[in-house]
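# Structural features, examined
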Amino acid sequence: MELLVGVAIVTIIISSVVTAVVLGLRIHLQSVASRGAAALEQETMESVRSVAEGKWSNLYSVLKGSNTTYRLTAIGTPPVLSIESGSEGVTVNNIIYTRSFAVENVCRLNEGISGVTDNGGSATTCNTSGGAEDPSTQKITVTVSWPISGQSAELKIVEYLTRSRNEVVRFTDWSGQ
């Protein structure tokens, strides 16, 4: 009888330890996957920001909407980032991630306090606000998804990019020729 009680106690302890180890490994793998997704998300946002800073019209001229996805590809020599339709598959640490971004127009609501109009207004997407479109601001949503335990995990980041500089034509010859 004592032997059976001892075996039962040892079995309970071993199963508890195994469960804790399996749970710890699962949490570690989820953490690794989440860190990989966050790095891809940040890389994509920085690349989109780079495209916008290089030539605002490249970003502004794409078809807008939260369901219209894009990816960035490097083309030419030297390589230049180009916006293309669709998503992109990226493998990091043997995990296949799918990443993409969406571009939406931003509208400004002229809200004021005590009857004073705020020329800047607060930013919101145009399809829900009805405000005046701000062509110098775009809402960028980067999405990274990956499979985990037979399901799909997803990470999103939203940032509003603003055109901070305009292309300027400089004239040095004012003679009219």
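That block above? That's the structure.
Residues numbered from 1 in each chain as written. Predicted model: local features only at pLDDT ≥ 70, side-chain atom pairs only at ≥ 80, totals over all residues. Heavy atoms only, no water.

## Let's talk about the packing of aromatic side chains
Summed over the entire model, instances satisfying the criterion amount to two aromatic pairs. The interplanar angle of 40 degrees and the centroid separation of 6.0 Å between the aromatic rings of Tyr70 and Phe101 together place this pair among those described as tilted. On the criterion of sequence distance, the pair formed by Tyr70 in strand β1 (residues 70-75) and Phe101 in strand β4 (residues 95-109) is long-range, its members being 31 residues apart. One exposure class covers both Tyr70 and Phe101, and it is buried. Aromatic pair Tyr97 and Trp146: ring centres 5.8 Å apart, planes at 55 degrees, arrangement tilted. Note that Tyr97 is positioned in strand β4 and Trp146 in strand β8 (residues 132-148), a separation of 49 residues in sequence. (Phe/Tyr/Trp six-rings, centres within 6.5 Å; stacked < 30°, edge-to-face > 60°. Helix = DSSP H or I, 4+ residues; strand = E, 2+ residues; numbered from the N terminus. Buried < 20%, exposed > 50% of the residue type's maximum accessible area, 1.4 Å probe, protein only.)

## A closer look at helix α1 (residues 2-54)
Helix length check: α1, at 53 residues, gives a terminal C-alpha distance of 78 Å against a target of 78 Å (1.5 Å per residue), a fit within 8%. Those residues of α1 that fall on the buried side of the exposure criterion are Val32, Ala33, Gly36, Ala37, Leu40, Glu41, Thr44, Met45, Ser47, Val48, Val51 and Ala52. (Expected span 1.5 Å × (residues − 1).)

## Concerning a nonpolar patch on the surface
A contiguous nonpolar surface patch, about 830 Å² in accessible area, is contributed by Met1, Leu4, Val5, Ile9, Ile13, Val17, Val21 and Leu25. Mapping Val5 onto the fold places it in helix α1. Val5 gets classed as partly exposed once you look at its relative accessible area, which sits at 46%. (Patch = residues over 30% accessible without salt bridge, like charges linked within 9 Å, V, L, I, M, F, W, Y side chains within 5 Å. Areas by Shrake-Rupley, 256 points an atom, 1.4 Å probe, with all protein chains shown as cover. Salt bridge = Lys/Arg side-chain N within 4 Å of Asp/Glu carboxyl O.)

## A look at the pairing of β8
Most of β8 is tucked away: twelve of the 17 residues are buried. Where β4 and β8 come together, ten bridges link them in antiparallel fashion. Counterpart to Ala102 in the pairing with β8 is Thr141. Linkage of β8 to strand β9 (residues 151-162), two consecutive antiparallel strands, is achieved through a turn of two residues, within which Ser149 is found at a positive phi near 50 degrees. (Pairing = 2+ DSSP bridges.)

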